[in-house]
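Observations on chain architecture
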Amino acid sequence: MSALEPVIGVEIHVQLRTRTKMFCGCELSFGDPPNTHTCPVCLAHPGVLPVTNREAVRLALEIGLALGCEIAPRSIFHRKNYFYPDLPKAYQISQYDVPLCGRGRFTAVAEDGREIPVGITRVHLEEDAAKLMHLGGSGRRAGAERSAVDFNRGGTPLVEIVTEPDLTSAADVAVFLRQLRQTLLFLGVSDCNMEEGSMRADANVSVRPAGSTALGTKTELKNMNSFRFLERGITAEVERQRATIAAGGRVVQETVHFEPETGEIHPLRSKEEAHDYRYLPEPDLVPVAPDPAWVDGLRAGLPELPQALRARWVGEMGLSHEDADVLTESPELAAYFAAVAAEADPKAAANWVRGELRAQLRERGEEPWQGNVTPARLAALLGLLADGTLSVPGAKEALAEVIATGEEPAAVVARRGLGQISDEGELTALVDRLLAEHAAQADQLRSGKDKVLGFFVGQAMKATQGRADPGAVSRLVRERALGG
Amino acid sequence: MVGLSAEAQIAALRAGEVSSADLVEEQLARAADDPWGSFLRLDADGARARARAIDAAPERPPLAGIPIAVKDVLSTRDIETTCGSRILEGFRPVYTATSVARLEAAGAVVIGKTNMDEFAMGSSTENSAYQLTRNPWDADRVPGGSSGGSAACVAARQAPWSLGSDTGGSIRQPAALCGIVGMKPTYGAVSRYGLIAFASSLDQIGPFARTVRDAALLLSHLVGRDPLDSTSLEWPEPVRVPTAERLDGLRVGLVQELMGEGTEPGVREAVERAMGVVEDLGGTVVPISLPSSEQGLATYYVIAPAECSANLARFDGIRYGARVAAETLLEHYEGTRGALFGPEVKRRIMLGTFALASGYYDQYYGRAQRVRTLIVRDFREAFAQVDLVASPTSPTVAFRLGERTDDPYQMYLADICTIPVSLAGLPALSIPCGLADGLPVGLQLAGPAFSENRLLDAAHALEQAIGFDTLPPGVEG
Amino acid sequence: MIDEETVRHVARLARLRLTPDEQVTMQRELSGILTHVDVIQGLDLDGVAPTTHVIALENVLRDDVPRPSLPPAEALREAPEVIEQAFGVPRMG
Ligand SMILES: [Mg+2]
Ligand SMILES: [Zn+2]
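Residues numbered from 1 in each chain as written. Chains lettered and ligands numbered in written order. Predicted model: local features only at pLDDT ≥ 70, side-chain atom pairs only at ≥ 80, totals over all residues. Heavy atoms only, no water.

This part is about the overall build of chain C. When its secondary structure is counted, chain C shows 3 helices and 3 strands. Counted from the first residue to the last, chain C has its helices and strands arranged as α-α-β-α-β-β. In summary, chain C has a C-alpha radius of gyration of 23 Å against a globular reference of 12 Å for 93 residues, an excess of more than 25%. Taken along its principal axes, the extent of the C-alpha atoms in chain C is 55 × 45 × 20 Å. Roughly 4700 Å² of accessible area belongs to chain C as shown, and the carbon and sulfur atoms make up 52% of that amount. (Helix = DSSP H or I, 4+ residues; strand = E, 2+ residues; numbered from the N terminus. Rg over C-alpha atoms; globule rule 2.2 N^0.38 Å. Areas by Shrake-Rupley, 256 points an atom, 1.4 Å probe, with all protein chains shown as cover.)

Here we take up unusual backbone geometry. Omega for the bond connecting G145 of chain B with S146 of chain B falls within 30 degrees of zero, at 10°, which places this linkage in the cis form. Within the secondary structure, S146 of chain B is located in the loop between β3 (109-114) and α5 (148-155). The residue D78 of chain B is not glycine, and still its phi comes out positive at about 65°. One can find D78 of chain B in the loop between β2 (67-71) and α4 (98-105). Of the residues examined, D78 of chain B reaches a relative accessible area of 36% and is grouped as partly exposed. Of note, R15 of chain C is a non-glycine position whose phi angle comes to about 55°, a positive value. Along the chain, R15 of chain C falls in the loop between α1 (4-13) and α2 (20-37). Its relative accessible area of 3% is what places R15 of chain C among the buried residues. (Buried < 20%, exposed > 50% of the residue type's maximum accessible area, 1.4 Å probe, protein only.)

The subject of this paragraph is the coordination of the magnesium ion (ligand 1). Residue and element names in this part refer to chain A. Only H13 (NE2), E126 (OE) and E160 (OE) from the protein coordinate the magnesium ion (ligand 1), and they sit 1.9 to 2.3 Å from it. If you list the donors of the magnesium ion (ligand 1) from N- to C-terminus, the spacing comes out as H-x112-E-x33-E. Of the two residues, E126 is situated in strand β7 (residues 115-127) and E160 in strand β10 (residues 157-163); the sequence distance between them amounts to 34 residues. Assessed through its relative accessible area of 2%, E126 is described here as buried. (Donors = N, O, S within 2.8 Å, 3.2 Å for Na, K, Ca; no water.)

What follows is about the interface of chain B and chain C. Each partner contributes to the interface: chain B provides 66 residues, whereas chain C provides 52 residues. Between chain B and chain C lies a buried interface of about 5300 Å² when both sides are counted; carbon and sulfur atoms form 65% of it. At the boundary of chain B with chain C, the tally comes to 8 salt bridges. Between E22 of chain C and K346 of chain B there is a salt bridge, and its shortest N-O distance comes to 2.5 Å. (Contact = heavy atoms within 4.5 Å. Buried area = accessible area lost by both parts, 1.4 Å probe. Salt bridge = Lys/Arg side-chain N within 4 Å of Asp/Glu carboxyl O.)

Another aspect to go through is the pattern of salt bridges. The full count for this structure, using the stated rule, is 70 salt bridges over all chains. Residue R77 of chain C is joined to E78 of chain C by a salt bridge in which the shortest nitrogen-to-oxygen separation is 3.1 Å.

Take S20 of chain B: it is sitting in helix α2 (residues 20-32). For S20 of chain B, the residues in contact, after removing those within four places along its chain, are L13, A51, D55, G65 and V109 of chain B.

So, on to the coordination of the zinc ion (ligand 2). All names here are of chain A. Within the protein, the zinc ion (ligand 2) binds to C24 (SG), C26 (SG), C39 (SG) and C42 (SG); these donor distances fall in the range 2.3 to 2.4 Å. Taken together, the 4 donor atoms surrounding the zinc ion (ligand 2) define angles of 100 to 115° at the centre, an arrangement classified as tetrahedral. Counting residues between consecutive donors of the zinc ion (ligand 2) along the chain gives the motif C-x1-C-x12-C-x2-C. Of this pair, C24 sits in the loop between β1 (4-15) and β2 (52-53) while C39 is found in the loop between β1 and β2, placing the two residues 15 residues apart along the sequence. (Tetrahedral: all angles 85-135°; square planar, octahedral: opposite > 155°, others 65-115°.)

On the basis of which strands lie adjacent, the open sheet formed by 3 strands has the order β5-β4-β15 (chain A) and antiparallel pairing. The open sheet is flanked by β5 (91-94) and β15 (280-281) of chain A, the only strands paired with a single partner. Where strand β4 (residues 78-81) of chain A and β15 of chain A come together, 2 bridges link them in antiparallel fashion. Bridge assignment links H78 of chain A to a residue of β15 of chain A, and that residue is P281 of chain A. Strands β4, β5 and β15 of chain A of the sheet are contacted by helix α9 (residues 296-311) of chain B, whose axis makes an angle of about 60° with β4 of chain A. (Pairing = 2+ DSSP bridges. Axes fitted to C-alpha atoms, helices over the stretch in contact; angles between N-to-C directions.)

Have a look at this one:
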């Protein structure tokens, strides 16, 4: 039997960053006491009617445009019927056969520069369900004595992004989702906070013989709240399906759940024994027919998106794909980096922003764009490093000072005397002293043990608190010891 | 005062002949003495308080101090609203329907909530979970439905006018059976916010009154766009209180399909006499055909139940309303809904769920939506030839209590004349046009969308010429 | 015609418990109604678009401006069961 390859499509739900809910004027909230953001509409009281939030439509259009979708000239809402306590009307207002946006494409780029093109089937608008709290027992649904519903979240505007089954590995899914998230963050349409549930992903997973174009039976991996779990879950589910088929079994179409603690896959009992959503056109809402001028304006107003930034940075600045990927993690970080790179060597800027700067700031719980290290200061520091004024250790120390005080790097260097010692006379005197103090090591050096060179450089750094120019020290030790 | 039209009550109030407090007290006394079973509950204290406040206020809004009754399908803040169902027993809404709020803003005083078929599903008001309503013309007969209480209370002088809702005929048919005027406006004319939904693409709120002028006056305060109802319309011109006496040049099409075998001879004769009056007043009557209206009933009994199956899914005993105790969630849902919905509601939920279910959708709901297109088209073609179409409102006069409760389809036939207009979303009204066997016969007039003024003009001229006495025998004037 | 199994399935979808008597009556009555409804099966509907709305409205959109929410006490006052300021639901698992 030929190898079985995974075929994966994903469905992503993203809470939109509006002020109010999708169909009523209740303010969005997170973490407030239960049922403090509800009204007759989002509690589905008898006789109420939904009214669509224009801002939610705008944000959904921006997402569609950013993903290269066609915008439907006229889209409608449907009712998706099922009973569940978190769904007060017992139907979700969603879009069905005529979504707002369709047929797009998003190309993710792996760390090695490999392109991962993913077809976007649709981007549609809908409303979020409420939050269930389980009381007694384990605090989960199963075993809880009773449950209770908090409708604060109910009716939050959601966009559902559905992809074609174009992904072929769990790792690619992770790259795709991370970069899609970056795009959404750049658009400013959502917080995309997976822990808080403002971005959620489901994966449809199947396997098929390599080279085949037919699709196998798929299972749906539900509600993963981190990319890491999703990646692990998909891997586990692919393995499970391969094992099932290898054992002569068949994959059943069902919803499955990944248990991160045990790494196991379990079938999830479905919301309704028989899934039959009985979609019907929502008579309480009229069609959304976005004015082409509005759509054109939104398209023109889109920010430069991370895909484009990454391509530009790799092409123009010679950054690695990995650097580019990390630096477009958030729009703030990308803007910060771009500002530094405009005034300093881009590769050095990438190294320092990704590495030392973030490492030092992490202890303080700060982000690069928040603290004292303005892009101009970091660029100035990198300049001092490039022209030899600072050694790498000196630069790190200077950076720590800038972070703490907000002083200009040049001022820090002067005040703290952090400048690199490159003065030939000063260094020669130092080297001579070290050779005399460590006669045994000097002899070893003369007898050809090159390794000892490092010892003297280390001593020189120690003696100067890291300010000695290591290259010059190394050269002078040879010259003075070997007389060459 | 209770025998007066709303218009006459307004005049008396303005002339200082009566105070709102006295007027409301008189109507409350009538409404409290309720052998017809019109009211599910009165809000006597609330009505008295509002009447006193209006008497004391310097401003006199247009309907200041005039009593009105409201069908229990409309949400009224803090006043129990059951929709005729056990599942909403004791339910006190936290908000008031836009239509009711508009009337209250215009000074009207709600005196109580009227009986109805449960969730507005029925044509006789016998599907109320609480009580029967009797026809003031004959206590052994039905008032029609589903707005039977709103029709009966106006006929019985318990209120000068009232609000009802019409999905397939629920204002027009009881108006016809109770010998009063009832109007269903163009779909979208009146905000549905606060109207407990039965079939959202069909439901409309409208007035019951004893005169066409009163119906027009009430409607004039109801129409217009409501930001809380996406399907409500900006109204093109004010609704006028009609004064027309002639029908010169008016072309009226008499719907042939509704004047045949299925319609009682007495009803046909009364409608034909009314057509004679149209000609006497200078109008012309031409026979007209609405071929697809033959499929109207079938189409309606797919679309309305389908929408109702979704609309009534929210009644789950979690956020409001009654519940039946249960151990598990599934038992809770099935037990609560199974026990607290009445038979007709369950029938329609079942029918609608079936029509939308996988494997049946295309054959039922999908087809019905397309037949609806044909019905819309029929009317468009008719209105290329005539200004208004006329037909009986109901194929029969008021039938006996219990006569049709055993066969749901027999009951459904009661709306055969009104349903096609509903599917097309058009305005229509029913006026009494005579008696058959001592019981009122309703004439239905329907027009193109937004033709309310033309309809009211025609109805008023006919009403004046016909001179029907709306006072049922045995009811005190 | 609608068979017993279909009635049971539809009742489950609609979350309606039917007593054995109701189940029998329902099957009979729905079958009767459907024989009348089936007149729509014979029509030629080729090229006929469905009507979902009878009014020609589009783009009725609301500004993203908050309106006051209900005080929680009011939101919860009609609930048959309240647990810790939330709507109580029987055992789900
Ligand atoms: Mg969804
Ligand atoms: Zn709300």
